[in-house]
Amino acid sequence: MNATTVTTPSELEIRVERIFDAPRAHVFSVWTDPKLIPEWWGDGTVVEEMDVRPGGKYRFRTSFGVVEGEYRALDAPELLVQTFQNHVQTLEFEDLGERTKLTQTMHFATTEERDATMRYGVEEGAKGGFARIDALLERLLDASPPTTAHERKRDQ
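Residues numbered from 1 in each chain as written. Predicted model: local features only at pLDDT ≥ 70, side-chain atom pairs only at ≥ 80, totals over all residues. Heavy atoms only, no water.

Draft legend 1. Layout of the overall build of the protein. Secondary structure summary: the protein contains 4 helices and 8 strands in total. Ordered by position in the sequence, the α and β elements of the protein form the string β-β-α-α-β-β-β-β-β-β-α-α. For the protein, whose C-alpha radius of gyration is 15 Å, the value lies close to the compact-globule estimate of 15 Å for 156 residues. The 156 residues of the protein split such that 40% are buried. Nonlocal contacts in the protein, meaning residues at least 24 apart in sequence, comprise 49% of its contacts between residues at least 6 apart. Per element, the accessible surface of the protein, about 8300 Å² overall, is 49% carbon and sulfur. (Helix = DSSP H or I, 4+ residues; strand = E, 2+ residues; numbered from the N terminus. Rg over C-alpha atoms; globule rule 2.2 N^0.38 Å. Buried < 20%, exposed > 50% of the residue type's maximum accessible area, 1.4 Å probe, protein only. Contact = heavy atoms within 4.5 Å. Areas by Shrake-Rupley, 256 points an atom, 1.4 Å probe, with all protein chains shown as cover.)

Listed below in structure tokens is the structure:
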């Protein structure tokens, strides 16, 4: 399994970095295809809404409650910016050929919110989720080429 790095580059940010052993389009699809979300979010997650475009909303029902937010920016398959709970999350997908580097930067309004999120277990949560993503990516690599929500809308 690839290493997950969690840092606090500023008083208002948490950064999580991870390399996945899959092409960028596959990794990007894990965050943007509503059929794939339950596979790595787990815990009986149901995608109730997922409109992957700037201004679009998402809403997932999990065994821990409802998670909802808004997509702020999208540049498939390189960038996804969304609100998530108490912060704005920027996901950058760097093409490394057959591998992809994910840089996830969480920006908070206050240092207290950032610190509370760190105490909540960002690193452990990321590692658990990324392990499930690794398994999902293995299955995707054995299947057909990925399509992003953006590509599906374009092709319709």
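Having seen it, we continue.
Draft legend 2. Looking closely at unusual backbone geometry. A cis amide bond links alanine 76 with the next residue in sequence, proline 77, at an omega value of -5 degrees. Summarising the element assignment, proline 77 is placed in the loop between strand E5 (65–75) and strand E6 (79–84). Positive phi is not limited to glycine here, since glutamine 85 has a value of about 50 degrees. Along the chain, glutamine 85 turns up in the loop between E6 and strand E7 (87–95).

Draft legend 3. Summary view of a negative patch on the surface. Taken together, Asp75, Glu78, Glu92, Glu94, Asp95 and Glu98 make up a surface patch of like negative charges. Top element by residues in the negative patch is E7. It accounts for 3 residues. Tracing the chain through its elements places aspartate 75 in strand E5. (Patch = residues over 30% accessible without salt bridge, like charges linked within 9 Å, V, L, I, M, F, W, Y side chains within 5 Å. Salt bridge = Lys/Arg side-chain N within 4 Å of Asp/Glu carboxyl O. Lys, Arg positive; Asp, Glu negative; His and termini not counted. Charge placed at Lys NZ, Arg CZ, Asp CG, Glu CD.)

Draft legend 4. A look at helix H1 (residues 24–32). Here H1 lies mainly inside the structure; 8 of its 9 residues are buried. Turning to H1, its buried residues are Arg24, His26, Val27, Phe28, Ser29, Val30, Trp31 and Thr32.

Draft legend 5. Structural view of the packing of aromatic side chains. Taken as a whole and assessed by the stated rule, the structure comprises 10 aromatic pairs. A centroid spacing of 5.0 Å and a plane angle of 55 degrees characterise the contact between tryptophan 31 and tryptophan 40, whose relative ring orientation is tilted. Against the face of phenylalanine 20 rests arginine 18, its NZ or CZ located 4.7 Å from the ring centre. (Phe/Tyr/Trp six-rings, centres within 6.5 Å; stacked < 30°, edge-to-face > 60°. Lys NZ or Arg CZ within 6 Å of the ring centre and 35° of its normal.)

Draft legend 6. Representation of the layout of surface pockets within the structure. Taken as a whole, the largest pocket spans an internal volume of roughly 940 Å³. Contributing to the lining of the largest pocket are 32 residues, with Trp41, Phe84, Gln85, Tyr120 and Gly125 lying nearest its centre. Among the elements of the structure, helix H2 (37–41), strand E4 (57–62), E5, E6, E7, strand E8 (100–108) and helix H3 (111–142) are those that each provide at least two residues to the lining of the largest pocket. The leading source of residues in the lining of the largest pocket is H3, at 9 residues. Looking at the lining of the largest pocket residue by residue, the class counts come to 17 nonpolar, 13 polar and 2 charged. (1 Å grid on protein atoms, 1.4 Å probe; cavity = no way out; pocket = protein on both sides within 12 Å on 5 of 7 lines; lining within 4 Å. Points joined across faces, edges and corners; volume = space filled by probe spheres on them. Nonpolar A, V, L, I, M, F, W, Y, C, P; charged D, E, K, R; others polar.)

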